[in-house]
Structure formats: C-alpha cells, structure tokens
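For reference, the chains in residue letters:
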Amino acid sequence: MNQTGYTKEVMKHFQKPHHYGRLNKYNGLGKVGNVVCGDVLWLYLNVLKNKNGQEAIKDISYETYGCVAAISTSSAISDLAKGKTIEEALKINKEQIIKVLGDLPPIKIHCSLLAIDALSEAIYDYLSKNKKPIPENLEEKHQKIERAKKVIEERYKKWTEKEKKE
Ligand code: FES
C-alpha cells in the first residue's frame, strides 16, 4: 500500500485501466453518476449468445470521469464481467471487486458502487431495448439510480446551463 492508501493492484488498474474507452459496437449502455462527489461513469456492453445459447457479455468498456478508485474499480469490474452471462454479471458485488484490487480505503468503497451500478444499468438498457423480462430487483435498482441522477442533474443545472451559454 502506498502513502495514498491505495494498494499496488489499485494503482496498476488506475495507471493502465483494462478495456478503457468506448466500444464501436454495443447494445447496452449504462450511465451513472455519484451523488456524493459528482463523478460519472459510462459503461458499454456488447451482449451476444454464448456457445450454450445464453446471453453473455462478449465485450465491455467504459469511460470513467472520476477518482483513482472509480477508475480502478471500473477496470476490475470489466475483467470480472467479460464473458459472464447476464445473470452472473448481475451478481458481481463490491466484495469481489475489492478482492481483485487487494483492498480499498473505507472512504472509497462508495466509488466501487458506481461501477456496479453502471454495469446493472447497461444490462437494464440491453434488456429493455430488446423487450426482455427485467428482474424485479434490477427494476428497483434502476428506479433508485434514476432518482439519484435527477438529484445530480438538479445540482449541476446552473453550472451546465452556464457552460452552454459560454
Ligand atoms: Fe467520486 Fe470516487 S470520489 S467516485
């Protein structure tokens, strides 16, 4: 662990994030923001049938405008989710992410939730666009994330309007 409180693994993912950027071809997009700090994360998925005929994450990428923890957890979740079926990907939790990263300072745990939320929003987007059934807990989570987004939009409205005028 260095003096910032981050493990070597966190710093490795931060300095060379895996699967960073925007996919040319994607069928699921999750856009989330953190109400506490205002950081944002866009996560792209390309879902295709795997050889067992299940829908699985063939490709994943993200653009994260956030802190060291937000970027390294995005990178970790992209490794964890790639190749997983949709059901498996929805079960990825913060403990698994922390395991990949060695550890995270307690104050930064909320940052790992941003990546998890972005992944579930991208899956939600894929399912709803393809008119597939949406699990009840995913629907509830989506509603919660939508409410948080409104709070952020409201909070930054003055600032973004000012930007548009300039
Ligand atoms: Fe904003 Fe980490 S401080 S996501």
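What counts as what
Residues numbered from 1 in each chain as written. Predicted model: local features only at pLDDT ≥ 70, side-chain atom pairs only at ≥ 80, totals over all residues. Heavy atoms only, no water. Helix = DSSP H or I, 4+ residues; strand = E, 2+ residues; numbered from the N terminus. Rg over C-alpha atoms; globule rule 2.2 N^0.38 Å. Salt bridge = Lys/Arg side-chain N within 4 Å of Asp/Glu carboxyl O. Buried < 20%, exposed > 50% of the residue type's maximum accessible area, 1.4 Å probe, protein only. Pairing = 2+ DSSP bridges.

On to the overall build of the chain. Summing up its helical and strand segments, the chain has 6 helices and 3 strands in all. Listing every helix and strand of the chain by position from the N terminus yields α-β-β-β-α-α-α-α-α. In terms of overall size, the chain behaves like a compact globule, its C-alpha atoms giving a radius of gyration of 16 Å where 166 residues would be expected to give roughly 15 Å. Principal axes of the C-alpha set define a box for the chain whose edges measure 45 × 40 × 30 Å.

What follows is about the pattern of salt bridges. Within the structure shown, the criterion is met by 8 salt bridges. In this structure, Glu 9 engages Lys 12 in a salt bridge whose closest nitrogen and oxygen atoms are separated by 2.9 Å. On the criterion of helical spacing, the pair formed by Glu 9 and Lys 12 is a turn pair, its members being 3 residues apart in helix H1 (residues 8-15). The salt bridge partner of Arg 22 is Glu 63, with a shortest N-O separation of 3.7 Å. Note that Arg 22 is positioned in the loop between H1 and strand S1 (28-33) and Glu 63 in strand S3 (residues 55-65), a separation of 41 residues in sequence. A residue is classified by how much of its surface remains accessible, and Glu 63, at 14% relative accessible area, is buried.

The residue Gln 15 is located in helix H1 in this model. Relative accessible area serves as the criterion here: at 59%, Gln 15 is assigned to the exposed category. For the pair Gln 15 and Ile 71, spaced 56 residues apart in sequence, the C-alpha to C-alpha distance is 9.1 Å.

On to the pairing of S1. Sheet analysis places S1 next to strand S2 (residues 40-49), joined by 6 bridges and oriented antiparallel. Among the inter-strand pairings, Gly 33 is bridged to a residue of S2, identified as Val 40. Here S1 hands over to S2 after 6 residues, with Gly 38 in that stretch at a positive phi of 85°.

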